[in-house]
Amino acid sequence: RCGVVNPFARIEAQFPDWHYDHPRILYALMRSLKPNVAIEVGTYRGYAACYMAQALKENGSGHLHCIDDFSEGMQKKYDDCHWRNNLYACEVYHFATLHVGKSSEVQWPEKVDFAYIDGWHGYSAVVHDFGCAEERGAECICLDDVTSTVGPSLFVQRMRKHQGWDILELIRDCGLAIFIRRKPKPPCNFSQELPNNPGTVMTDWTPERKRAHLDEASKIAGIDYSEFEC
C-alpha cells in the first residue's frame, strides 16, 4: 500500500553492506514458533536482532535479550550505542534488551524458548552458551558458523550422537545449525494411501484399525508400511 514501509527494506537499509540470509531464517523460525523469551549471544551491530525483534513485533508478544561485550576483534569499531541506534531506526527497539558483558557473566533470563548463538566461537564457549539455553528450556537453538569455525563445527558433530535434539545444518554463509528439541509426535490422523480415495480421517481410530487400513493399502499399492508407527 502507498505510504507503508516494508520492515525488511527498513532493516536492510541500515545494513547495506551485509549480505547473508541467516537473519531472515531466524525471523521465519520465530514467526512460526512464537517464543515468549528469545536470547541472542553475540549481537554485534544488531542485524539479526532487528529481524528477530521484527518477528516478535509481528507476533504481538515476546521479548529478545541480546548479549555482547563489544570487546573482541572488529567489534571494537562499534558499541552498544550503535546497536541501540540500529534497533531504533528499524522501529523494534522496544522488543529487545541489550545485556553488555560476556555470556558467562551476565544474568540470563530464567526461562528461554528460543536461542541464537553467534558469540565467541571457541568450543568451550559454545558448550557453555548452548548449555545455558538448553537448561532453561529452549525448544529451538540456532548455532552460527558451523561450517567455517572449529568450535561450532565440532559441537554439531558431537551433538549428532545426542538423542534429545533433531539437527538441520545449512552450509551456506559459513553454516547455520538449527537444533529442535525432540518431542513425541502426535498420531497421524489422515491418510491418502488408498488409490482413488480422496482421503480417510483416522482421528478416533485405534492403532490396530490404522494398521489394518495400511495393510489394505499395501495389498493394493504394493507399498511396505511396516515401519510406519500407528
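Residues numbered from 1 in each chain as written. Predicted model: local features only at pLDDT ≥ 70, side-chain atom pairs only at ≥ 80, totals over all residues. Heavy atoms only, no water.

Visitor: Can you walk me through the pairing of strand β5 (residues 140–144) in this structure?
Guide: Buried residues dominate β5, accounting for 5 of its 5 residues. In β5, alternate side chains face the same way, and those of Cys140, Cys142 and Asp144 on one face and Ile141 and Leu143 on the other are all buried. Two elements, strand β4 (residues 114–117) and β5, share 4 bridges in a ladder whose sense is parallel. In the strand pairing of β5, Ile117 is matched with Leu143. Assessed by its sense of winding, the connection that carries the chain from β4 through helix α5 (residues 123–135) to β5 is right-handed. Inspection of the sheet shows β5 paired to strand β7 (residues 176–181) by 5 bridges, in the antiparallel sense. Counted as the bridge partner of Cys140 is Ile180 from β7. (Buried < 20%, exposed > 50% of the residue type's maximum accessible area, 1.4 Å probe, protein only. Helix = DSSP H or I, 4+ residues; strand = E, 2+ residues; numbered from the N terminus. Pairing = 2+ DSSP bridges. Right-handed = clockwise from strand over helix to strand, strands pointing away.)

Visitor: What is the right way to look at unusual backbone geometry in this model?
Guide: With the exception of glycine, most residues fall at negative phi, and the peptide bonds are largely trans. One non-glycine residue, Tyr44, lies in the positive phi region at around 55°. One can find Tyr44 in the loop between β1 (37–41) and α3 (47–59). Under the relative-accessibility criterion, Tyr44 is labelled buried at 10%. Here Asp145, not a glycine, exhibits a phi torsion of approximately 60°, which is positive. Within the fold, Asp145 resides in the loop between β5 and α6 (150–159).

Visitor: I'm lost on the environment of Asn86 in this one. Help?
Guide: Its place among the elements puts Asn86 in helix α4 (residues 80–89). Take Asn86: its relative accessible area is 5%, and that puts it in the buried class. Through-space distance from the C-alpha of Asn86 to that of Gln14 is 6.7 Å; in sequence the pair is 72 residues apart. Apart from the residues lying within four places of it in its own chain, the contact partners of Asn86 are Gln14, Phe15, Arg45 and Cys50. Within the structure, Asn86 has its side chain in polar contact with the side chain of Gln14 (distance 3.2 Å). (Contact = heavy atoms within 4.5 Å. Polar contact = N/O pair within 3.5 Å; in protein donor to acceptor, adjacent residues only side chain to side chain.)

Visitor: I'm lost on the pattern of salt bridges in this one. Help?
Guide: When the charged atoms of two side chains lie near each other, side chains of opposite charge can form a pair. Per the stated rule, a full pass over the model turns up 12 salt bridges. Close ionic contact of Arg10 with Glu91 constitutes a salt bridge, the shortest N to O distance being 3.7 Å. With Arg10 in helix α1 (residues 7–14) and Glu91 in the loop between α4 and β3 (96–100), this pair connects stretches of sequence that are 81 residues apart. For Lys102, the salt bridge goes to Asp69, with nearest N and O atoms at 3.0 Å. Of this pair, Lys102 sits in the loop between β3 and β4 while Asp69 sits in the loop between β2 (63–68) and α4; the two residues are 33 residues apart in sequence, bridging distant segments of the chain. Among the residues examined, Asp69 registers a relative accessible area of 22% and is labelled partly exposed. (Salt bridge = Lys/Arg side-chain N within 4 Å of Asp/Glu carboxyl O.)

Visitor: Even after reading the chapter, I still don't get helix α2 (residues 22–33), so can you show me in this structure?
Guide: The first and last C-alpha atoms of α2 sit 16 Å apart over 12 residues, in line with the 16 Å expected at 1.5 Å per residue. All of the buried residues in α2 are His22, Pro23, Leu26, Tyr27, Leu29 and Met30. One side of α2 carries all its buried residues, which in axial view fall inside an arc of 165°. Of the surrounding secondary structure, the elements contacted by the buried residues of α2 are α1, β1, α3, β4, β5 and β7. Just past α2, the residue Lys34 takes up positive phi, approximately 50°. (Expected span 1.5 Å × (residues − 1). Arc of directions from axis to C-beta.)

Visitor: I keep staring at the side chain of Asp145 and nothing clicks. Help me out?
Guide: Although Asp145 is buried, it forms no salt bridge, and the closest oppositely charged side chain is Arg172 at an N-O distance of 13 Å. A polar contact of 2.6 Å, which involves the side chain of Asp145, links it to the side chain of His121. The residues touching Asp145, leaving out its near neighbours within four places in the chain, are Asp118, His121, Pro152, Cys174 and Gly175. (Lys, Arg positive; Asp, Glu negative; His and termini not counted.)

Visitor: Even after reading the chapter, I still don't get the layout of surface pockets, so can you show me in this structure?
Guide: Here the idea is plain: a probe the size of a water molecule rolls over the atoms and shows the empty space left. There is about 240 Å³ of room inside the second largest pocket. Forming the boundary of the second largest pocket are Pro184, Lys185, Pro186, Pro187, Cys188, Lys210, Phe228, Glu229 and Cys230. Of the residues belonging to the lining of the second largest pocket, the class tally is 6 nonpolar, no polar and 3 charged. (1 Å grid on protein atoms, 1.4 Å probe; cavity = no way out; pocket = protein on both sides within 12 Å on 5 of 7 lines; lining within 4 Å. Points joined across faces, edges and corners; volume = space filled by probe spheres on them. Nonpolar A, V, L, I, M, F, W, Y, C, P; charged D, E, K, R; others polar.)

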